[in-house]
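An overview of the molecular structure
Given next are the chains, with one letter for each unit.
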Amino acid sequence: MASSLTKASTGTPGSEKTFFGHPRGLATLFMTEMWERFSYYGMRALLVLYLVSGGAEAATGSQGGGLAMTMATATAIYSVYVAMVYLMAMPGGWFGDRVWGARKTVAIAGFVIMAGHGSLALPGQAAFFAGLALVAIGSGLLKANISTMVGHLYDGPDDSRRDGGFTLFYIGINLGAFIAPFIVGTVGEKVNWHLGFLLAAAGMGIGLVQFLFGTKHLSAQSSVVPNPLSPAERKSLLVKAALVVVVAAVFYGIVIGLDMFTLNWALVPITLAGLIIPVAVLVRIKRDKDLDKTEQSKMTGYIWFFVAAAVFWMIYDQGGSTLSLFADGKTSGTVFGLGFPATWYQSLNPLFVMSLAPVFAWLWLWLARKNQEPNTIVKFSMGLVLVGASFFIFIVPMNMASDGTKVTPLWLVSIYMIQTIGELCLSPVGLSVTTKMAPKKYASQMMGVWFLAVTAGDCTTGLLSLAGVDLNGIGIIAMQASLAVAAGFAIFMYRKKVQTLMGGVH
């Protein structure tokens, strides 16, 4: 990295040090995000395996010492956790805009995430769930604000370096996600679970230290609170927050006092909230009388994309739960004679993203020059069909392993690759169409709305698990695959209607 920091000739504009030709502050944010993703994906690679370790359903190749939960409970906890990370992005953005400013919010988020991983490194369920909550809150705070700070480094949206800067930043995300399973995953899975979580905390600590030392290179705008709360708003907010805390404390106090508390008393309300909040947010925006007829039409069209994305993420995010459990228990632990721990599969997606994203960027440009580039609706359809196809393929190794046979890892490698191709068709396009279809009044909030599609998808998975549905069964895998493919074809068949609702957006 150090060699990428160059200095232009003295006396010329922009003679300060740069990061691959970009503002020096990009290096600070690049490294912060890389280490935060290192901690997040390292811990995520361990999460489900740790939850089932020590129980009857744990794989024979894994160490004990976990929480000995069932696969259904582990999948539910994992799904709820991922959903909450994305749900927290909305209040995270609000804190950056109205309370602390982006820079302070990211610094606080780093401390919260590090404390969360540190808590996970302690034995016991209480420390585990406290750590999980802290990591989810911190990730939401950081995720919503660090991208904003990247934008602050450039001279407005017309700065020619802006897109390249975000591309470099995106590489940092995937680089951290790629490296983490090899270090955090291997140590946690093969040596000690809690030592793995501690390495995740250390990774966030490194990112936080270099962020604090590198803040001098960031834009002064990152310290500004764009729309600070008035004293009256702050007082009202504190009263409402205190009321919620008191009601929750009284309710759970009664439940515990009656000796009725189980894990579902915590998971089910959170899961239902993760489904209700996205719907409530969309309904509130859709019913806003300040929106003109064109904006109302675009919001109706956007709901199609939102539902499609929720179905996509419902399947895609099982890469860290359903697929991970299959990798641990029913997949051979060697490739060409070399050991291949289950956590390493979590490196495949970022590897494929870094490898294939430039190919897809070139492909869309090449097709555009020939006037043959698929529009947004067709790309969404492709993403859904591909993620559905990946689960249809998954049925084959599931059948092969039903008699105790350990299948080759290449099955899962191919499934992760197909899902990544689907992600590259849907995710970047979804971000783009969200900005294009957002009503002016909600321009800054709609990116948070897009993340709520992930929350809705993961909470659906969590609710199914809590309802006793075996997400590791062939029948439910086939049902999800069919749902995704059917949704893809439905959007394609109704593409003219959706395009009409989109107005001039293509």
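Worth saying up front: this structure is predicted, and the values here are computed from it rather than measured.

Re the overall build of the chain
Looking only at helices and strands, the chain has 17 helices and 5 strands in total. By the compact-globule yardstick of 23 Å for 506 residues, the chain fits well, its C-alpha radius of gyration being 23 Å. Reported as C-alpha extents along the three principal axes, the dimensions of the chain are approximately 70 × 55 × 50 Å. Relative to its full complement of 506 residues, the chain shows a buried share of 50%. In the chain, once contacts between residues fewer than 6 apart in sequence are set aside, the share between residues at least 24 apart is 79%. Accessible surface, the chain: about 22100 Å² in total, of which carbon and sulfur atoms supply 68%. Here the chain carries 33 positive and 23 negative side-chain charges, and the mean point of each set is 6 Å from the other.

Things to note about the nonpolar core
Leu29, Met43, Tyr81, Phe128, Tyr302, Phe394 and Leu412 are the most contacted members of the largest nonpolar core, which has 127 residues in total. Sort the elements by how many residues they give to this core and helix H1 (residues 25-52) lands first, with 17 residues. Residues within four places of Tyr81 in sequence aside, it is in contact with Tyr40, Met43, Leu47, Leu132, Val135 and Ala136. Membership of the second largest hydrophobic core comes to 5 residues, among which are Phe360, Trp364, Leu367 and Cys425.

Side note on the confidence of the model for the chain
Averaged over all residues, the pLDDT of the chain is 88; the fraction at 70 or higher stands at 93%. Under a pLDDT of 50 for its full length, residues 1-15 has, in the predicted model, 20 contacts with residues more than four places off or in other chains. The low-confidence segment residues 56-61, where pLDDT is below 50, has 8 contacts with residues more than four positions distant or belonging to other chains.

Side note on H1
For H1, spanning 28 residues, the distance from its first C-alpha to its last is 42 Å, which sits close to the expected 40 Å at 1.5 Å a residue. If you look at H1, its biggest bend is around 30°, right at Leu46. H1 sits mainly inside the fold: 27 of its 28 residues count as buried. Residue Gly54 follows H1 closely and has a positive phi angle near 95°.

Overview of the pattern of salt bridges
In total, this model carries 5 salt bridges according to the counting rule given. A salt bridge links Arg98 to Glu233; the shortest N-O distance between them is 2.9 Å. Here Glu233 lies in helix H8 (residues 231-257) and Arg98 lies in helix H3 (residues 89-98), a separation of 135 residues in the sequence. Classification of Arg98 by relative accessible area gives buried; the value is 16%. Of the residues examined, Glu233 reaches a relative accessible area of 35% and is grouped as partly exposed. Note that Lys441 and Asp288 form a salt bridge whose closest N and O atoms lie 2.8 Å from each other. Here Lys441 is found in the loop between helix H14 (410-437) and helix H15 (446-466), whereas its partner Asp288 is found in the loop between helix H9 (264-286) and helix H10 (293-316), with 153 residues between them in sequence. Lys441 gets classed as partly exposed once you look at its relative accessible area, which sits at 46%. Overlapping salt bridges, with partners in common, bring together Asp288, Asp290 and Lys441 in one network.

Notes on the packing of H1 against helix H11 (residues 322-330)
Angle between the axes and distance between the axes: these two values describe a pair of packed helices. It is at 9 Å that the axes of H1 and H11 come closest, and there the two elements cross at 60°. The angle between the axes of H1 and H11 places the two elements in the oblique class. Considering how the two elements wind past one another, H1 and H11 form a crossing that is right-handed. Between H1 and H11, the contacting residues are Val48, Leu49 and Val52 on the first element and Ser324, Leu325 and Asp328 on the second. By residue class, the composition of the contact of H1 with H11 is 4 nonpolar, 1 polar and 1 charged.

With respect to the side chain of Gln480
Structurally, Gln480 is set in helix H16 (residues 474-493). Taking the relative accessible area as the measure of exposure, Gln480 reaches 1% and is therefore buried.

Here's the deal with unusual backbone geometry
Phi angles above zero are rare outside glycine, and Asp259 is one such case at about 60°. Tracing the sequence through the fold places Asp259 in the loop between H8 and H9. With a phi angle near 60°, Asn371 is a residue other than glycine that sits in the positive phi range. Within the fold, Asn371 resides in the loop between helix H12 (348-369) and helix H13 (376-400).

Structural notes on the packing of aromatic side chains
Overall, the coordinates contain 29 aromatic pairs when judged by the stated rule. The interplanar angle of 90° and the centroid separation of 5.0 Å between the aromatic rings of Tyr40 and Tyr41 together place this pair among those described as edge-to-face. Given the relative accessible area of 2%, Tyr40 is considered buried. Relative to Trp450, the ring of Phe380 lies with its centre 6.3 Å away and its plane at 75°, an arrangement referred to as edge-to-face. Pair noted here: Phe380 is in helix H13 and Trp450 is in helix H15, with a separation of 70 residues, a long-range link. For the pair shown, Phe380 and Trp450 are each scored as buried. Three or more aromatic residues link up through ring pairs in this structure, and these residues are Phe178, Phe182, Phe340, Trp344, Tyr345 and Tyr416. Its end group placed over the ring of Trp364, Lys379 keeps NZ or CZ at 4.3 Å from the ring centre. In this structure, Arg495 is placed above the aromatic ring of Phe492, and the distance from its NZ or CZ to the ring centre is 4.0 Å.

Quick notes on the packing of helix H2 (residues 71-87) against H15
Between H2 and H15, the least distance of the axes is 8 Å, while the angle of their chain directions is 160°. Judged on the interaxial angle alone, H15 and H2 are roughly antiparallel. Viewed along their axes, H2 and H15 form a crossing whose handedness is left-handed. In this structure, H2 uses Ala72, Thr75, Ala76, Ser79, Val82, Ala83, Met84, Tyr86 and Leu87 to contact H15, whose residues at the interface are Phe451, Leu452, Val454, Thr455, Asp458, Cys459, Thr461, Gly462, Ser465 and Leu466. For the contact of H2 with H15, the per-class residue count stands at 12 nonpolar, 6 polar and 1 charged.

Calculation rules
- Residues numbered from 1 in each chain as written.
- Predicted model: local features only at pLDDT ≥ 70, side-chain atom pairs only at ≥ 80, totals over all residues.
- Heavy atoms only, no water.
- Helix = DSSP H or I, 4+ residues; strand = E, 2+ residues; numbered from the N terminus.
- Rg over C-alpha atoms; globule rule 2.2 N^0.38 Å.
- Buried < 20%, exposed > 50% of the residue type's maximum accessible area, 1.4 Å probe, protein only.
- Contact = heavy atoms within 4.5 Å.
- Areas by Shrake-Rupley, 256 points an atom, 1.4 Å probe, with all protein chains shown as cover.
- Lys, Arg positive; Asp, Glu negative; His and termini not counted.
- Charge placed at Lys NZ, Arg CZ, Asp CG, Glu CD.
- Core = buried A, V, L, I, M, F, W, Y, C linked by side-chain atoms within 4.5 Å.
- pLDDT = per-residue confidence, 0-100.
- Expected span 1.5 Å × (residues − 1).
- Bend = angle between axes of the 7 residues up to and from the residue.
- Salt bridge = Lys/Arg side-chain N within 4 Å of Asp/Glu carboxyl O.
- Axes fitted to C-alpha atoms, helices over the stretch in contact; angles between N-to-C directions.
- Parallel < 35°, antiparallel > 145°, perpendicular 65-115°, else oblique.
- Left-handed = near helix turned anticlockwise from the far one by under 90°.
- Nonpolar A, V, L, I, M, F, W, Y, C, P; charged D, E, K, R; others polar.
- Phe/Tyr/Trp six-rings, centres within 6.5 Å; stacked < 30°, edge-to-face > 60°.
- Lys NZ or Arg CZ within 6 Å of the ring centre and 35° of its normal.

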